[in-house]
Amino acid sequence: MKFKIQHYNVFIGLISVGITFVFMFLCFIIPSNTIKLILLALAFLAIIVGVIISIIERNTGTEITITQDGYIEVRNMFENRRIHINEITNITIERYEIRRALGKYNHYQEQRLKMRITPTIGKNIILTDTATIVDRALIRRLSDINYLQNENVPLYQAYQVIRSMRGD
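Rules behind the numbers
- Residues numbered from 1 in each chain as written.
- Predicted model: local features only at pLDDT ≥ 70, side-chain atom pairs only at ≥ 80, totals over all residues.
- Heavy atoms only, no water.
- Pairing = 2+ DSSP bridges.
- Helix = DSSP H or I, 4+ residues; strand = E, 2+ residues; numbered from the N terminus.
- Axes fitted to C-alpha atoms, helices over the stretch in contact; angles between N-to-C directions.
- Contact = heavy atoms within 4.5 Å.
- Core = buried A, V, L, I, M, F, W, Y, C linked by side-chain atoms within 4.5 Å.
- Buried < 20%, exposed > 50% of the residue type's maximum accessible area, 1.4 Å probe, protein only.
- Salt bridge = Lys/Arg side-chain N within 4 Å of Asp/Glu carboxyl O.

(A) Spatial organisation of the sheet that holds strand β3 (residues 71-75). With antiparallel pairing, four strands are arranged side by side in an open sheet as β1-β2-β3-β4. The sheet is open, and its two borders are formed by β1 (2-5) and β4 (80-84), each paired with just one other strand. Averaged over neighbouring strand pairs, the angle between their axes works out to 15° when direction is ignored. Pairing analysis gives four bridges linking β1 to strand β2 (residues 62-66), with the strands arranged antiparallel. Looking across to β2, one finds that F3 is bridged to I64. Against the sheet, helix α3 (residues 154-166) makes contact with β1, β2 and β3, and its axis sits at roughly 145° relative to β1, the strand it touches most.

Put into C-alpha cells, the structure is as follows:
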C-alpha cells in the first residue's frame, strides 16, 4: 500500500538562512570591495537555491510504502528509510496546530498530524501531514477552512495499517 503525504522539512530553510548569515557577516569583516561583492552574490545564491530546493521538495512530497512482507519504506527527496514491522518498538500519532498566513493580514490555524515511529535501532522517524483543506482562491473568511477527520488523512491511514500489521 502506498500513501502520499505532505511532509515538510524545515532544515532546508534553516541551512540556507544560516549560510546567508555567514556570508553577510563575512562581508562586514573583510575590507576588500570585490570580495564583499562576491560574498553578497554567494549569499543571494544560497537564498535562491534554498527556495528552489524547498519548492521541489514540497511538490514531490513524501511516500510511505507498506509491503506485504512487513517492511515500511519512507521515501522523500533526501531520505530513503526501510524498516521492518518487528523492529518498531513504539508508534504514536498526534494532532497539532500551526499558524499559517493567507496574504498579508489573514491568518488561520492549520491542523496537522504527526506520526512518530520509534525503531529498536537507529533514530526515530517523524512524519507530518496536513489535516486542513483551504481553497486559497475562494477563501473570504475563516469559515471557508475545512478540517479533515483522522480517517481521511493519508498519514493516519498508514498509521492504522501499521498498527494492524503489528497486532496492536
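(B) Main features of the nonpolar core. Ranked by size, the top nonpolar core spans 23 residues in total, and within it I64, I72, M115, L127, L155 and I162 carry the most contacts. Those elements giving two or more residues to this core turn out to be β1, β2, β3, β5 (88-102), β6 (106-119), β7 (125-130) and α3. Among the elements that line this core, the one with the most residues is α3, at six residues. Look past the residues within four positions of I64 in its chain and what remains in contact with it is M1, K2, F3, I5, I72, E73, M115, L127, L155 and A158.

(C) Just the pattern of salt bridges, in detail. This model, assessed by the stated rule, comprises five salt bridges. In this structure, R75 engages E73 in a salt bridge whose closest nitrogen and oxygen atoms are separated by 3.0 Å. Residues E79 and R81 are paired through a salt bridge, measuring 4.0 Å at the closest nitrogen-oxygen approach. Overlapping salt bridges bring together E73, R75 and R82 as one network.

Coordinates in, geometry out; function isn't part of it.
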